[in-house]
Amino acid sequence: MKSILDHLGWEEILRVMREEGERRKAPVLTLKGFLKTPFQHLIFAVLSSRTRDEQTARVAGRLFREVKNPQDLMEISVERLEELLYGVGFYRVKARRLRAIARQLVERYGGEVPSDFGDLTSLQGVGIKTANVVLAHAFGKDVIGVDTHVHRISNRMGIVKTKTPEQTEKELMKIVPKGLRKRVNSSFVAFGQTVCRPVRPLCDECPLNQWCPKIGT
Ligand code: SF4
């Protein structure tokens, strides 16, 4: 199978993607600077599913003005929470999910977000991708959060040949060198939001064009 890795190393690929995302002001790089605590990273990650980063950032900013920690989230009424979350996809479902997560954080972890994969995925509605994004972004752990951008681009570049994000995560963990893994999510997402987009990727403008096999595009 042809792969961009036949020509470039991981360090180079991640650097080019990140720089291109910065140059084009990728939402993932410009909108998440206000996330300070593991709690905020976790809530943002849960809110962001099936919602654009711009919209998630708007709603999260509004939410965090009233809700500072799991205790606040547990005590706020469902009606008020739904009002605050209006604008993200499935906001009613997410309102209930957030309250359940808050309760679990308070009851099991003393109101702190755990930094262990098993503990995080034991929280209601927190899957592998969300847990890894939180571990990488909030705790600096060397793991890979694989969302649709990471999955799609890895396949287009011939780095993996997989059907699901879960399979992609397993494969990437075998081949991305330690120390670089935590950079994969933000670099790939930034690149996927701006250049290697889901529909009509900008291959003609892509700095990786000459080495990319463009599988499936
Ligand atoms: S050449 Fe096209 S498919 Fe390959 S990384 Fe660039 S935009 Fe994506």
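A few points on the structure. (Residues numbered from 1 in each chain as written. Predicted model: local features only at pLDDT ≥ 70, side-chain atom pairs only at ≥ 80, totals over all residues.)

### A few points about the overall build of the protein chain
Note the following rule: Put simply, DSSP H or I for four residues or longer makes a helix, DSSP E for two residues or longer makes a strand, and each gets a number counted from the N terminus. C-alpha atoms define the radius of gyration in this analysis, and the globule rule sets the expected value at 2.2 Å times the number of residues to the power 0.38. Exposure classification rests on a simple neighbour count of other C-beta atoms within 10 Å of a residue's own: a residue reaching 20 or more is buried, one at 12 or fewer is exposed, and one in between is partly exposed. C-beta atoms are placed from the backbone. Contact between residues is assigned whenever the C-beta positions, reconstructed from backbone atoms, fall within 7 Å.
Summing up its helical and strand segments, the protein chain has twelve helices and zero strands in all. Reading the protein chain from its N terminus to its C terminus gives the helix and strand order α-α-α-α-α-α-α-α-α-α-α-α. Rg of the C-alpha trace for the protein chain: 18 Å, near the compact-globule value of 17 Å for 217 residues, within the 12% margin. Overall, the C-alpha framework of the protein chain stretches about 55 × 30 × 25 Å when taken along its three principal axes. Residue burial in the protein chain is summarised as follows: out of 217 residues, 40% are buried. Within the protein chain, residue pairs in contact and separated by at least 24 positions form 64% of the contacts whose partners lie at least 6 positions apart.

### Looking at helix α4 (residues 53-66)
Stated precisely, the cut-off is as follows: By definition here, a helix of n residues has an expected span of 1.5 Å times n minus one.
Given a rise of 1.5 Å per residue, 14 residues ought to cover 20 Å, and the 20 Å separating the end C-alpha atoms of α4 matches this to within 8%. Residues of α4 that are buried include every one of T56, A57, V59, A60 and L63, and no others. Buried positions along α4 lie against α3 (38-47) and α6 (78-85).

### Side note on unusual backbone geometry
For R200, which is not glycine, the phi dihedral falls at a positive 50°. Residue R200 is classed as exposed on the basis of its C-beta count, with 7 C-beta atoms lying within 10 Å. Here K214, not a glycine, exhibits a phi torsion of approximately 55°, which is positive.

### Quick look at the site of the ligand
The test is simple: Any residue qualifies as near a molecule or strand once its backbone-derived C-beta atom lies within 6 Å of it. Amino acids outside the nonpolar list (Ala, Val, Leu, Ile, Met, Phe, Trp, Tyr, Cys, Pro) and the charged list (Asp, Glu, Lys, Arg) are all regarded as polar, and Gly is one of them.
Taken together, 13 residues form the shell around the ligand, and within it C196, P201, C203, C206 and C212 come nearest. In the shell around the ligand, the residues fall into nine nonpolar, two polar and two charged.

### Examining the environment of V113
Relative to the assigned elements, V113 resides in the loop between α7 (91-109) and α8 (117-121). Judged by local crowding, V113 falls into the buried class, with 22 C-beta atoms found within 10 Å. Along the backbone, V113 and F39 are 74 residues apart, and their C-alpha atoms lie at a distance of 6.0 Å. Setting aside residues no more than four positions away along its own chain, V113 makes contact with P38, F39, L42 and L105.

### So, the nonpolar core
Note the following rule: A set of buried residues drawn from Ala, Val, Leu, Ile, Met, Phe, Trp, Tyr and Cys, joined through C-beta atoms within 7 Å, is what defines a nonpolar core. Where each domain begins and ends is defined by an automated method or by a domain database.
The biggest cluster of nonpolar side chains holds 57 residues, and the ones touching the most others in it are I43, L98 and V134. Those elements giving two or more residues to this core turn out to be α1 (10-23), α3, α4, α6, α7, α9 (128-139), α10 (148-156) and α12 (181-194). Per-element accounting of this core gives the leading share, seven residues, to α3. Among the domains, domain 1 (4-25 + 143-211) and domain 2 (38-112) are the pair contributing at least three residues each to this core. Beyond its immediate chain neighbours, meaning those up to four positions away, L98 contacts I43, V46, L73 and L81.

### Focus on the packing of α10 against α12
Put simply, the rule is: Axes here mean lines fitted to C-alpha atoms, for a helix over just the part in contact, with angles spanning 0 to 180 degrees between N-to-C directions. In this scheme, roughly parallel covers angles under 35 degrees and roughly antiparallel covers those over 145, while 65 to 115 is roughly perpendicular and the rest are oblique.
Packing of α10 against α12 brings their axes to within 8 Å, and their N-to-C directions diverge by 80°. In this view, α10 runs roughly perpendicular relative to α12, as classed from their interaxial angle. Between α10 and α12, the contacting residues are H149, V150, R152 and I153 on the first element and V184, N185, F188, V189, F191 and G192 on the second. A breakdown of the residues in the contact of α10 with α12 according to their chemical character gives six nonpolar, three polar and one charged.

### Remarks on the packing of α3 against α7
In plain terms, the rule: The crossing is said to be left-handed when, going from far helix to near helix, the turn is anticlockwise and less than a right angle, and right-handed when the turn is clockwise.
Contact pair α3 / α7: the axes reach a minimum separation of 11 Å and the direction vectors enclose 150°. One finds that α3 runs roughly antiparallel with respect to α7. For the crossing formed where α3 meets α7, the hand is right-handed. The segment α3 lies against α7, with I43, V46 and L47 engaging K94, R97, L98 and I101.

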